[in-house]
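Chain by chain, the residues:
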Amino acid sequence: MKPKYFLQSSFRLTELLILILIGTTLFLKFHLLFLLNIDVDEFTFLSVVHKYIQGSLGGPFYTFHVHMFSWLPMVSMNEIDQIMAARLAMFSFFVGASVFTYLIAKIFLNTLGALFSVLCYVSVSNVIVHGTSFRFDPICSLLFLMSVYLFLKRPGRNIGIFLSGFGMALSMMITLKSIFYMATFFVLFLCLIYISEDRRETVNDVILFCVSFLVCLLLLFMYHSHVLLDIQYKNVLFSAGENVKHHVGLKLFFNGYIHNWQYILIFIIENIVVVSLLISGLILIIYKYAIDNNIKNNNILILSFLVNYAPLIYYRYNHPYFYVFILSPAVILCGIIVNNLEKINHGKMLNIVPVLISFLSLIIFSNFIYHYKNNAFDQNISKKEIVDSVH
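Residues numbered from 1 in each chain as written. Predicted model: local features only at pLDDT ≥ 70, side-chain atom pairs only at ≥ 80, totals over all residues. Heavy atoms only, no water.

### So, the side chain of Ser178
Residue placement: Ser178 occurs in the loop between helix H9 (158-174) and helix H10 (179-195). According to the relative accessible area criterion, Ser178 is buried, its value standing at 0%. The residues contacting Ser178, other than those within four sequence positions of it, are Cys140, Met168, Ser171, Met172 and Phe325. (Helix = DSSP H or I, 4+ residues; strand = E, 2+ residues; numbered from the N terminus. Buried < 20%, exposed > 50% of the residue type's maximum accessible area, 1.4 Å probe, protein only. Contact = heavy atoms within 4.5 Å.)

Here it is, written out as structure tokens:
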């Protein structure tokens with residue numbers, strides 16, 4: 001019993017180590033948000049809020065966030081200070097996305113595998129730099145992960161499904177890019193129906209989600225259109241139609257090549273360990289299906305999350321910040337290896353496994369530290385001087 005107890009203690013200590021690494025990462029990420037370069041997109045995002053307050057907002061899409069951030073001008077007259085305040089809010093969304101990544105991972109993995117997945121998520125270079133940027137991506141990432149979790153767990157049954165549909169409707173109002181999330185949900189629904197023991201009940205749940213999504217989307221659209229100042233309702237509908245036409249026709253499709261392939265290559269190089277773990281997790285799941293010949297397994301749901309990565313092929317604006325939008329929950333594939341290492345180690349008394357997992361966790365954490373050190377200086381000195389001279 002003593003060797004077994006010692007082994008269990010080793011795994012608990014490994015969990016504690018990963019938790020400490022995640023906490024340290026979040027603490028340093030909080031510090032980093034005050035230093036990272038303020039991109040032009042963040043000023044544009046802020047300008048929409050100011051236009052709303054001034055009564056000159058021009059359309060219902062890509063503008064819903066004004067209801068969340070109309071308080072920013074009260075923080076300061078300085079636009080830099082306003083963006084920093086907004087980044088604090090984005091940090092809370094980022095922490096929320098990390099929590100829901102863990103909760104989704106826990107549905108499929110043990111505690112160690114779930115914590116390891118979160119560590120991989122918060123240590124990715126794109127997330128380090130853009131995870132708290134004042135953009136659509138951190139907000140919608142949280143809403144999507146919340147919606148996925150609520151639908152998978154369905155707390156309170158119908159209440160959970162309704163809230164899941166509401167979350168996706170709100171995400172769609174914030175940005176039309178959320179249509180990519182709906183593709184993931186579509187594949188997730190197909191997988192759930194296929195593995196379900198009661199398909200009729202699962203289909204009913206999917207229908208309830210779709211109804212909730214559509215009703216909430218309509219209500220949110222009507223509310224937002226109603227409160228827009230100095231805009232006729234017909235103009236709002238015209239603007240909405242032009243937005244849909246523009247983004248479906250121009251941004252979502254491509255002319256036979258992968259857009260911004262250099263960003264994909266940089267992502268792979270900067271996060272080679274995480275990418276390797278993700279691919280290894282994918283291979284392990286496929287291998288298990290091949291030898292077990294049992295496709296009706298919950299792990300097939302993890303594969304549906306990979307649909308999130310499809311826009312990297314055809315979306316015209318898959319810039320580095322876009323990875324914040326799509327990375328989770330498929331990142332939990334990274335935890336598959338750790339999850340299985342702990343499982344196969346039970347009964348063998350091999351203390352090397354928790355040591356190996358701890359070492360791997362430290363390697364991933366070192367990737368965060370590397371990018372943190374490269375960015376831990378004030379990158380907005382010139383911008384602050386320009387804004388101060390204006391005021």
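### Examining the environment of Phe221
When you line up the elements, Phe221 lands in helix H11 (residues 199-227). C-alpha of Phe221 to C-alpha of Phe64: the two residues are 157 residues apart in sequence and 8.9 Å apart in space.

### Brief notes about the packing of helix H5 (residues 79-108) against helix H6 (residues 111-122)
Where H5 meets H6, the axes come as close as 8 Å, and the angle between the chain directions of the two elements is 145°. Relative to H6, H5 is oriented so that their crossing is right-handed. In contact with Phe94, Ala97, Ser98, Thr101, Tyr102, Ala105 and Lys106 of H5, H6 contributes Thr111, Ala114, Leu115, Ser117, Val118, Tyr121 and Val122. Classifying every residue of the contact of H5 with H6 by side-chain character gives nine nonpolar, four polar and one charged. (Axes fitted to C-alpha atoms, helices over the stretch in contact; angles between N-to-C directions. Left-handed = near helix turned anticlockwise from the far one by under 90°. Nonpolar A, V, L, I, M, F, W, Y, C, P; charged D, E, K, R; others polar.)

### A look at H10
The terminal C-alpha atoms of H10, which comprises 17 residues, lie 25 Å apart, in line with the 24 Å expected from a rise of 1.5 Å per residue. Three or more residues of H10 are buried, namely Phe180, Tyr181, Met182, Thr184, Phe185, Leu188, Phe189, Cys191, Leu192 and Ile195. For H10, the elements touching its buried residues are helix H8 (136-153), H9, H11, helix H15 (300-304), helix H16 (311-314) and helix H17 (322-326). (Expected span 1.5 Å × (residues − 1).)

### Some words on the packing of aromatic side chains
What the rule picks out here adds up to 29 aromatic pairs. Ring centres 5.0 Å apart and planes at 75° place the aromatic pair Phe69 and Phe134 in the edge-to-face group. Of the two residues, Phe69 sits in helix H3 (residues 66-69) while Phe134 sits in the loop between helix H7 (125-130) and H8, which places them 65 residues apart along the sequence. One exposure class covers both Phe69 and Phe134, and it is buried. Residues Phe368 and Tyr372 carry aromatic rings whose centres are separated by 6.1 Å and whose planes lie at 15° to one another, so their mutual orientation is stacked. With a gap of four residues between them, Phe368 and Tyr372 both fall in helix H19 (residues 352-375), about one helical turn apart. (Phe/Tyr/Trp six-rings, centres within 6.5 Å; stacked < 30°, edge-to-face > 60°.)

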